[in-house]
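Inside the fold
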Amino acid sequence: MINNRNTGPTPLPPSVLIAMAQQPLSHRSMAFREAFTEVTAQLAKLVNATEPALLLSCSGTGGLEASIASIVNIESRVLVLTAGNYGDLLARIAGRFTANLNVVRFAPGESFDLSVLQTHLMQASYDVVLLTHSESSTGIYHPVASVITVIRAFSDALVLVDTISSLGATPIDMAAWDADVLVGATQKGLMAPAGMAVVYLSIRAQHYIEQYPDNHTYMHLRPWLEASRQHSVPYTPAVNVFQGLQAAMELIFAEGLPDRYQRHQKASSRCRSFFADSNHVRCFAAPQYASHSITALYLSDALSASVIKKRLEDEHHIMLSTGLGPLKERVIRIGHMGHFTLTEIDDALLIVSNVISQEKSAYGD
Ligand SMILES: *Cc1c(COP(=O)(O)O)cnc(C)c1O
């Protein structure tokens, strides 16, 4: 048995696999329309969104690109908050659409300093602010509600939040957050197959997007928004992915959101307490920002993330993820999103710590 603790795509429940293996519905059929209406409403309920979700056939990054392309133009002044790889991704995408970009960087492993944010908002005005909720590279949940409260005190910018690795794993309240765009993906906390992006728009974001009636590029939200009003999609969707998602949404609500979120929170706290006294690794995120989706462990200097990853795979059938970018060798990341049991987490932790100890002694200390 493989214990798949990757950070995505995450393991799929049997009923999701079975749903995917059925013949594809015609996306113009009544059956698809009914299923689409239900799934997009369930997705909205999941995050307390006022409007049904849009479902794009692309991975999460495609959802980010389409959303940013739809709210950022060449004249937009954009503020990007980043403390890691995925915050940087937002800056890279936005940089293709405007040169008026202020990228405010915080150290990886830390969250955003709200007084620094406040200073930036006082010094300049912005049309759009981009940030990540779950920074998957460092295992941090940024305090989005507090961040947006600060933004709203100084600015009426449209606020886009990448919730790709938090959607389905932890409570998200789009209305209470007062966010304008949330972007998720199917293959992480939703325990659905890879291949669709979930985009939520506030009424304000919808009005903004509707100003551009002539935009027909595939990666622009306007056609998706128009079609969604008819409970449909503008182009042939990834139908079998959708069918898997439909089965996953059924399971998510059958488990119940409080129980589901508690299971993720427990997985995170087990990972953290397991390594709390370790001399070889430390939990990268400060406790108040610890992600419930992914635990990132920062390795002491003599350890190599790729060696540990390979040994876990080859010798123990445990899969996990190394760090990203400059943190590649310094960080290992344990995914606990979607379809998992706490027993699987406990089993993995024991073996991960054994392998780390063996690697450490191989280096003679
Ligand atoms: C996985 C991830 C992405 C990229 O999503 P893809 O579906 O691989 O395109 C972006 N942002 C965050 C926070 C992620 O965890």
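Our subject is the structure that appears above.
Model, not experiment: these values are computed from the prediction.

1. A short note on the overall build of the protein chain
For the protein chain, the count of helices and strands is 13 helices and 15 strands. Over its C-alpha trace the protein chain gives a radius of gyration of 21 Å, about what one expects of a compact globule, namely 21 Å for 365 residues. The dimensions of the protein chain, computed from C-alpha atoms along their principal axes, are 65 × 55 × 30 Å. For the protein chain, the residues scored as buried account for 56% of the 365 residues in total. Surface accessibility of the protein chain: about 14,600 Å² in total, with carbon and sulfur atoms responsible for 54%.

2. Quick notes on the side chain of Glu51
Following the sequence through the fold, Glu51 ends up in the loop between helix H2 (30–46) and strand E2 (54–56). No salt bridge is formed by the buried Glu51. Its closest oppositely charged neighbour is Arg229, at 5.6 Å. Residues in contact with Glu51, not counting those within four places in the same chain, are Ala44, Leu201, Ile203 and Gln206.

3. Concerning the packing of aromatic side chains
This model, assessed by the stated rule, comprises 9 aromatic pairs. Plain terms: the ring middles of Phe106 and Phe112 are 5.6 Å apart, the flat faces sit at 50° to each other, and that makes the pair tilted. The residues Phe106 and Phe112 share a single accessibility class, namely buried. Through a chain of ring-to-ring contacts, the aromatic side chains of Phe32, Phe36 and Phe242 assemble into a single cluster. Lying across the ring of Phe340, Arg263 places its NZ or CZ 4.6 Å from the centre. In this structure, Arg282 is placed above the aromatic ring of Tyr298, and the distance from its NZ or CZ to the ring centre is 4.6 Å.

4. Comments concerning helix H11 (residues 257–274)
For H11, which comprises 18 residues, the first-to-last C-alpha distance of 26 Å matches the rise-based estimate of 26 Å (1.5 Å per residue) to within 8%. Taken as a whole, H11 has its buried residues at Leu257, Arg260, Tyr261, Arg263, His264, Ala267, Ser268, Cys271 and Arg272. Buried residues along H11 cover an arc of 165° about the axis, so they all sit on one side. Exposed residues on H11 whose side chains face more than 90 degrees from its buried face are Pro258 and Ser273. In this structure, the buried side of H11 is in contact with H2, helix H10 (239–255), strand E11 (281–283), strand E12 (294–299), strand E15 (331–335) and helix H13 (342–362).

5. Remarks on the sheet that holds E15
An order of E11-E12-E15-E14 is seen for the 4 strands of this open sheet, with the pairing classed as antiparallel. The strands lining the two open edges of the sheet, one partner per strand, are E11 and strand E14 (321–322). Here E12 runs beside E15; their pairing, made up of 5 bridges, is antiparallel. Residue pairing across strands places Thr295 opposite Ile334, the latter belonging to E15.

6. Observations regarding the site of the ligand
As a structural note, the neighbourhood of the ligand is formed by Ser59, Gly60, Thr61, Tyr86, Thr132, Ser134, Ser136, Asp162, Ile164, Ser165, Gln187 and Lys188. Take Thr61: an N or O atom from its side chain is 2.5 Å from an oxygen atom of the ligand. With respect to the ligand, the side chain of Lys188 contributes an N or O atom lying 2.7 Å from an oxygen atom. Protein burial of the ligand: of its 380 Å² of free accessible surface, 88% is covered by the chains. Of the residues belonging to the shell around the ligand, the class tally is 2 nonpolar, 8 polar and 2 charged.

7. What about the pattern of salt bridges?
Counted by the stated rule, this structure contains 14 salt bridges. When the shortest N-O distance is used, the salt bridge between Arg77 and Asp127 registers 2.9 Å. Taken as a pair, Arg77 in the loop between helix H3 (60–71) and strand E3 (78–82) and Asp127 in the loop between helix H5 (114–123) and strand E5 (128–132) lie far apart in primary sequence, 50 residues in all. Residue classification places Arg77 among the partly exposed positions, given a relative accessible area of 35%. A salt bridge links Arg152 to Asp180, with the nearest nitrogen and oxygen atoms 2.9 Å apart. Taken together, the residues Arg152 in helix H6 (residues 144–154) and Asp180 in the loop between helix H7 (174–177) and strand E9 (181–185) connect sequence positions 28 residues apart. A single salt-bridge network, built from bridges that share partners, covers Arg152, Asp178, Asp180 and Arg204.

What counts and how
- Residues numbered from 1 in each chain as written.
- Predicted model: local features only at pLDDT ≥ 70, side-chain atom pairs only at ≥ 80, totals over all residues.
- Heavy atoms only, no water.
- Helix = DSSP H or I, 4+ residues; strand = E, 2+ residues; numbered from the N terminus.
- Rg over C-alpha atoms; globule rule 2.2 N^0.38 Å.
- Buried < 20%, exposed > 50% of the residue type's maximum accessible area, 1.4 Å probe, protein only.
- Areas by Shrake-Rupley, 256 points an atom, 1.4 Å probe, with all protein chains shown as cover.
- Lys, Arg positive; Asp, Glu negative; His and termini not counted.
- Salt bridge = Lys/Arg side-chain N within 4 Å of Asp/Glu carboxyl O.
- Contact = heavy atoms within 4.5 Å.
- Phe/Tyr/Trp six-rings, centres within 6.5 Å; stacked < 30°, edge-to-face > 60°.
- Lys NZ or Arg CZ within 6 Å of the ring centre and 35° of its normal.
- Expected span 1.5 Å × (residues − 1).
- Arc of directions from axis to C-beta.
- Pairing = 2+ DSSP bridges.
- Near = heavy atom within 4 Å.
- Polar contact = N/O pair within 3.5 Å; in protein donor to acceptor, adjacent residues only side chain to side chain.
- Nonpolar A, V, L, I, M, F, W, Y, C, P; charged D, E, K, R; others polar.

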